[in-house]
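For reference, the chains in residue letters:
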Amino acid sequence: MRTNKTIRFIPAWLILLLLLIQASCKNDDIVPKLEMQTNHSIGITELQKIYLKKNIKEKTKEDFKEGSSINYEPDWSSVKQEIIDDSTTYFLVRVKPVVDDGKERREVTTINSIPFLLFSNTDRVFIGKFLVIDSNIESQFLKNGTLKLKDLITNHTSLFVYKDGTVLSDKNNQANRISKLTSTSRSQSCITIVTCDWYTDCQGTLYLATSPYGTCNVPASSSPCDYSAAWSQRASIIDIVCNDDPTPPGGDNGGGSGTGTWTPSSEWAADVSLNLLEEAPGDIITDIKSYLSVFNRNQGIYLTIYVEQPKYNSRDTWSGFPTDPNVGHTWVALNQGNVTRVVGFYPSSSVNPFTKNTSPSVLVDDSGHAASVSFSFNVPATNTVNVLNTISSYNTLYNLDSYNCTTFAIDVAKAGGLNLPSTSGRWPGGGGFNPGDLGQDLRTFRPPSRGHSFRTPRSGSTFVSTSNSN
Amino acid sequence: MNRTILFLLSILIVSVNCSYQGHKGLIKGFLSDVKECNNFGAIRDKYQLITGDTLIQQRNEFLDIQLNSLQQYLKKVPLSDLVITRISDTSKYFYEDVKDGEIYTISQKDKTRIDFHILTEENKIISFTTMNKGGIRVFMSY
């Protein structure tokens with residue numbers, strides 16, 4: 001009886017439910033028209049920083065012949081982007097191969113392939129080599145040929161066969177088919193293939209040709225030289241091909257995933273470097289003593305003070321939009337032999353110059369942070385412990401006015417035996433040491449003794465501090 | 001008993017269905033109000049931007065400066081050109097310990113620069129002001 005009564009109420013509950021849903025969503029219906037888009041904001045400057053931070057130059061370097069190597073130099077003016085899906089955007093940067101033997105730098109002309117870097121958002125970087133079948137390689141780029149895409153983080157390689165701008169769907173079979181020719185080992189999910197490049201020197205100009213992937217055949221095309229010059233094979237490359245292929249990049253016709261839209265970089269805003277989320281430096285240092293334990297406490301340290309000024313070459317204490325002001329930053333890097341550690345002092349929670357100028361503090365690995373000024377000096381062995389202890393026992397409270405990132409850096413330098421100039425500035429709601437003033441002070445600061453060096457780029461914030469894991 | 005379960009289920013469905021869009025809707029309403037309304041006191045009250053009890057005068061002064069800046073920006077940009085994006089990786093943002101904080105970036109269509117950030121929690125705007133320290137954003141408290 002009671003159950004029947006409940007059942008009679010169900011339609012009423014359903015109506016009530018619908019009304020509730022409608023009412024609860026009402027706010028969305030009356031709001032003004034705003035277009036929702038997924039946006040992956042990133043600029044060329046940011047790509048350059050990723051390139052430096054992830055050490056892409058070294059990771060793409062290949063042996064050429066004894067005593068020389070091939071470097072792939074990015075052409076940043078060639079950047080194109082492709083939105084793959086809601087969470088992934090590709091940035092394609094063409095690269096120029098250059099042979100460097102330590103004495104001479106020679107550009108290389110590739111006859112049948114186009115190399116490029118592919119950035120997937122800000123976390124993955126690939127080097128791609130698109131091998132074309134046709135002799136007109138530019139028109140066939142990402143349309144007809146084979147793409148070898150190597151993940152520079154995992155070292156895994158993927159192969160994609162393109163036909164008329166579309167990737168043939170059976171990628172694994174393609175890779176398997178190629179691998180059967182030269183496979184050197186095979187595990188459950190990965191196979192290895194060999195790639196052979198050939199070069200010829202035509203009266204000083206180097207040309208490079210690539211055998212079809214999986215073969216080591218001498219290039220079918222004749223030498224580009226006017227006279228008969230032989231092709232020489234350079235060191236072969238062994239790649240691991242696994243079943244974890246990324247989405248291949250598309251061509252002008254939307255190849256690859258079939259959903260991409262390429263837009264030229266010339267449409268990008270020029271000043272994208274300062275306000276992008278992706279510019280953020282490294283992670284919070286959770287154990288500072290462990291982080292610094294790599295240093296020999298009985299040896300000297302090369303200490304660098306880095307300053308990112310809010311406005312380049314200016315004492316301004318902040319710049320930009322008031323709801324997202326760039327207040328700059330000051331941090332330090334310690335170097336001993338091959339070991340480098342980079343440390344910056346930050347507030348760990350909200351602050352406000354008017355009402356709440358303190359916060360618990362936190363140390364951050366500022367590797368990759370671009371600076372506008374730096375000042376370096378040798379810390380004698382007798383002061384190394386002082387420096388390490390000053391960093392390790394950092395203030396637990398960050399104070400916008402009395403103990404901020406600049407104060408921290410000044411204190412570390414002082415522990416190393418050098419009193420840096422310390423000019424106080426003002427900002428809305430407060431004042432104190434700050435990156436704008438310290439940066440300007442360092443530009444003219446020349447202590448009387450001890451080896452030191454001052455560095456500043458010609459314009460803008462362009463050089464980066466990098467820690468390593470040695 | 002059954003009716004209670006049905007009622008609770010209804011509330012659950014409603015909250016799950018609309019919570020995500022609610023934050024974007026809240027932000028849209030906030031931006032629209034700031035663009036159109038010169039009475040910043042009314043905006044402060046409507047969105048309960050003040051969360052503490054002390055230094056009310058200083059907070060109001062600070063908020064009005066920020067609202068005025070935001071209004072100047074919004075008057076130059078059509079609302080339809082604004083792109084609101086929820087940030088999934090919040091590790092580069094420092095802010096007060098809010099329970100279910102969500103961070104949104106505001107940028108303009110076809111522009112690569114993020115103009116500002118908004119921190120929300122439980123359908124409430126916690127902060128729309130950050131300090132940019134080389135890419136790490138520290139939200140300002142009110």
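My aim in this report is to walk through the structure given alongside it, one point at a time. (Residues numbered from 1 in each chain as written. Chains lettered and ligands numbered in written order. Predicted model: local features only at pLDDT ≥ 70, side-chain atom pairs only at ≥ 80, totals over all residues. Heavy atoms only, no water.)

**Thoughts on empty space enclosed by the protein**
Residues and elements named next belong to chain A.
Right, so step 1: Enumeration over the complete set of coordinates arrives at 3 cavities of 30 Å³ or more.
Right, so step 2: By volume, the largest cavity is sized at about 80 Å³.
Right, so step 3: Lining the largest cavity, in full, are Tyr72, Thr110, Ser113, Pro115, Lys129, Lys148, Thr195, Asp197, Leu208, Thr210, Tyr213 and Ile237.
Right, so step 4: Among the secondary structure elements, those contributing two or more residues to the lining of the largest cavity are β6 (113–120) and β13 (205–210).
Right, so step 5: Tallied by class, residues from the lining of the largest cavity come to 5 nonpolar, 4 polar and 3 charged. (1 Å grid on protein atoms, 1.4 Å probe; cavity = no way out; pocket = protein on both sides within 12 Å on 5 of 7 lines; lining within 4 Å. Points joined across faces, edges and corners; volume = space filled by probe spheres on them. Helix = DSSP H or I, 4+ residues; strand = E, 2+ residues; numbered from the N terminus. Nonpolar A, V, L, I, M, F, W, Y, C, P; charged D, E, K, R; others polar.)

**Some details on the packing of aromatic side chains**
Right, so step 1: In the structure shown here, the tally under the stated rule is 20 aromatic pairs over all chains.
Right, so step 2: Between Tyr346 of chain A and Phe94 of chain B, the ring centres sit 6.3 Å apart and the planes meet at 80°, which makes this aromatic pair edge-to-face. With Tyr346 of chain A in strand β19 (residues 339–347) and Phe94 of chain B in strand β2 (residues 93–94), this pair bridges two chains.
Right, so step 3: Judged by relative accessible area, which is 0%, Tyr346 of chain A ranks as buried.
Right, so step 4: An aromatic cluster is present here, built from Phe345, Tyr394, Tyr398, Tyr403 and Phe408 of chain A joined pairwise through their rings.
Right, so step 5: Here the guanidinium or amino end of Arg94 of chain A rests over the ring plane of Phe141 of chain A, the centre of that ring lying 4.9 Å away.
Right, so step 6: Its end group placed over the ring of Tyr291 of chain A, Arg341 of chain A keeps NZ or CZ at 5.1 Å from the ring centre. (Phe/Tyr/Trp six-rings, centres within 6.5 Å; stacked < 30°, edge-to-face > 60°. Buried < 20%, exposed > 50% of the residue type's maximum accessible area, 1.4 Å probe, protein only. Lys NZ or Arg CZ within 6 Å of the ring centre and 35° of its normal.)

**Notes on helix α8 (residues 405–415) of chain A**
Quick reminder: α-helices carry 3.6 residues per turn. Residues three or four places apart thus point the same way.
All names here are of chain A.
Right, so step 1: Most of α8 is tucked away: 9 of the 11 residues are buried.
Right, so step 2: Among the residues of α8, Cys405, Thr406, Thr407, Phe408, Ala409, Ile410, Val412, Ala413 and Ala415 are the ones counted as buried.
Right, so step 3: Between the side-chain oxygen at the start of α8 and the backbone nitrogen of Thr406 there is a gap of 2.9 Å, and the oxygen is on Asn404.
Right, so step 4: Downstream of α8 by one or two residues, Gly417 has phi in the positive range, about 105°. (Polar contact = N/O pair within 3.5 Å; in protein donor to acceptor, adjacent residues only side chain to side chain.)

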